[in-house]
Amino acid sequence: MTSTSVAIVGVAECDLGVTNKSVLELQTQAVTRALADSGLSLADVDGIATNNVARFSTTTMADYLGIRPSWVDSSFLGGSAFETYVARAVQAIESGQASVVVVSYASNQRSAKSRSLGGVHEEHLPEAQFETPYGPLYPLSYYAMAAQAYFDRYGATREQLAEVAVAARDWALLNPKAFRYESGPLTVDDVVSSTMISTPLAAGDCCLVTDGGGAIVLTSSARARDLANKPVRVLGYGESTGHSAMASRSDILDTGAANSAQAALARAGLSTSDIDVIQVYDSFTITALLSLEALGFCGPGEAADFAAEGRLRPGGSLPFNTSGGGLSYCHPGQFGILLLVEAVRQLRGECGARQVANAEVAVAHGTGGILSHHSTVLLGVDR
Amino acid sequence: MSVSLKQVGAGEGYLPPSDDLTLPWWDATREHRLLLQTCAACRSVQHYPRYVCLGCGSTGHLGWEESSGRGVIDTFTVVHRAARPDLEVPYVVARIRLAEGPVILSNVIDVRPDDVESGALVVLEWRDLSDGRALPVFVVESEDAA
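As the structure is a computational prediction, the values presented were derived from the model and not from experiment.

Novice: Let's hear about the overall build of chain B: which residues, and what values?
Specialist: A count of helical and extended segments in chain B gives one helix and eight strands. Of the regular secondary structure in chain B, the N- to C-terminal order runs α-β-β-β-β-β-β-β-β. The buried share among the 146 residues of chain B stands at 34%. At a minimum sequence separation of 6, the contacts of chain B that also span at least 24 residues come to 56%.

Novice: Can you lay out the interface of chain B and chain A for me, pointing to particular residues and giving the numbers?
Specialist: Between chain B and chain A, the contact holds 29 residues from the first and 29 residues from the second. Of all the secondary structure elements, the ones that give two or more residues to the side of chain B that touches chain A are β4 (70-79), β5 (91-98) and β6 (103-108) of chain B. When the residues that make up the side of chain B that touches chain A are grouped by side-chain class, the tally is 16 nonpolar, 10 polar and three charged.

Novice: So what's going on with helix α6 (residues 140-154) of chain A? Residues and values would help.
Specialist: An ideal rise of 1.5 Å per residue puts 21 Å on 15 residues; α6 of chain A measures up with 21 Å between its terminal C-alpha atoms. Across the 15 residues of α6 of chain A, 11 count as buried, placing the element largely inside the fold. Listing the buried residues of α6 of chain A in full gives L140, S141, Y142, Y143, A144, M145, A146, A147, Q148, Y150 and F151 of chain A. In this fold, the buried residues of α6 of chain A make contact with α7 (158-172), β5 (196-198), β6 (201-202) and α11 (285-294) of chain A together with β4 and β5 of chain B. Backbone geometry just downstream of α6 of chain A places G155 of chain A in the positive-phi region, at approximately 75°.

Novice: Give a detailed account of the pairing of strand β8 (residues 134-140) of chain B, specifying residues and quantitative values.
Specialist: Here strand β7 (residues 121-128) of chain B runs beside β8 of chain B; their pairing, made up of seven bridges, is antiparallel. Bridging from a neighbouring strand, L124 of chain B pairs with F138 of chain B of β8 of chain B.

Novice: Residues and numbers for the sheet that holds strand β1 (residues 6-13) of chain A, please.
Specialist: Residues and elements named next belong to chain A. Taken together, the nine strands give an open sheet; going across it, the order is β3-β2-β4-β7-β1-β8-β11-β10-β9, and neighbouring strands pair in mixed fashion. Each of the sheet's edge strands pairs with one partner strand only, and the pair in question is β3 (71-73) and β9 (277-280). Strand after strand, the sheet turns through a mean of 25° between neighbouring axes, direction not considered. The pairing of strand β10 (residues 361-368) with strand β11 (residues 373-381) spans eight bridges and is classified as antiparallel. The residue bridging G366 from the neighbouring strand is S375, located in β11. The strands touched by helix α10 (residues 257-268) are β8 (232-241), β10 and β11; relative to β8, the strand with the most contacts, the crossing angle is about 150°.

Novice: Lay out the sheet that holds strand β2 (residues 45-46) of chain B with the relevant residues and their values.
Specialist: All names here are of chain B. Spatially, β2-β1-β3 is the arrangement adopted by the three strands of the open sheet, whose pairing is antiparallel. Each edge of the open sheet carries a strand with a single partner, namely β2 and β3 (62-66). Relative to β3, strand β1 (residues 35-39) runs antiparallel, the two being bridged by five bridges. By the bridge assignment for β3, C39 is matched with L62.

Novice: Any details on unusual backbone geometry? Residues and values, ideally.
Specialist: Residues and elements named next belong to chain B. For the bond from H47 to Y48, the omega torsion is 0°, close enough to zero to count as cis. Structurally, the position occupied by Y48 is in the loop between β2 and β3. In this model, V89 is joined to P90 through a cis peptide bond whose omega is -10°. Along the polypeptide, P90 turns up in the loop between β4 and β5. Of note in the backbone geometry, H32 takes a positive phi value of approximately 55° without being a glycine. Mapping H32 onto the fold places it in the loop between α1 (23-29) and β1.

Reading the values: rules and limits
- Residues numbered from 1 in each chain as written.
- Chains lettered and ligands numbered in written order.
- Predicted model: local features only at pLDDT ≥ 70, side-chain atom pairs only at ≥ 80, totals over all residues.
- Helix = DSSP H or I, 4+ residues; strand = E, 2+ residues; numbered from the N terminus.
- Buried ≥ 20, exposed ≤ 12 C-beta atoms within 10 Å, placed from the backbone.
- Contact = placed C-beta atoms within 7 Å.
- Nonpolar A, V, L, I, M, F, W, Y, C, P; charged D, E, K, R; others polar.
- Expected span 1.5 Å × (residues − 1).
- Pairing = 2+ DSSP bridges.
- Axes fitted to C-alpha atoms, helices over the stretch in contact; angles between N-to-C directions.

Here's what the structure looks like:
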């Protein structure tokens, strides 16, 4: 195993669910809580990465926090941006451009009712001419077409997809912060009989729409040793960027996710079997299955059978989205930051009823846009 | 599932923009001709139209050829929640793999959504827009026409 020389030393969520708070208040909650968790302060921060605050997200955040960072990143990549920020932050810290980086995100989309099924219209893009006329839901209909292609190619079924949502709910019932903590268990039949949105994906296959967010604090592993928390080392990272239009990829299931996952594993000198805890983006049930295959837990087309055997549920052989995931815990529009928060907490052993025993290596694998961008981070207990 | 056939995938309420590069493509739709961009240097065919050839990277050899209008459904989704108020659900959004190679996003119309299948042969149809242009859409090829 190899490793970077950077560690995550603080993590936090902002308020989740329905908050009626502004994005800047939620962002600042996340940042200050994560710094408090780390034992560092705003005065120590010389790097920030975030998006979705404003057109000039990082300058707005620097202004609101009253700091002058020497390094920032506000790449807009969809929900996988935060795994990529970790990679960029590692590079910034290792090169000396920054010493303490905070990666953060927050959204008030549920309170503000700002989410539209049709997506955001950008008049100057090819999609406005060649896709919008046909009325695809964005991003939902693309994932639906990917699921249909997966069914056609491998014979998978809606019941098998539903098992992803059932497993996520079982985990959420162990997480007091989960939006569905008190909603009771979900059955495959509940998911399959839920309101159809864009075939074959029904409401039960789709992530929550909630407020929420979080933050993580990164610094050198040398500095991390002097701080209170058990440091969590960044072991490796990888990413892949592809299409933005719905007809550009010749094979809709050739997403690029495997390139990201395999690059991260190679950089860390790890194999899939070394991973103890998995946090994958579950915008939709199909996203999670495709991610499991990309990470090498099973071959192409095998994830449906793999999930259906209960492996992903609490007590199963593959601890998966232990927070309850985007499906049952929280999905604030971009979920990638919360994959990292949960991965770190598992490695620190702080997860109570949902704690995975002896967790030493975790993966956070983000998916952005319409299977457009993929970013993978491997984390490990620092020794 | 009861469907008023000609309404499936209706998009009359949305007039797509065009630009300098795509104007010939949109003008051809007035004559119900579906154009594809073709590279004279490497023979690649692509959709949507771009300033660069994805096959060889050249910018000076792209022209237009007319599609045969034949293709197969690569994959599809039946949409039950309308993306816009002018769309009547359910409607079929599909990726159509054209005989010339490129994939085009479109609607499959005049079909019961339950009857749509990936791999089905489809042929080009047109939905006229209020400004004289038209949208290429597709119908499942009937057996007697095949």
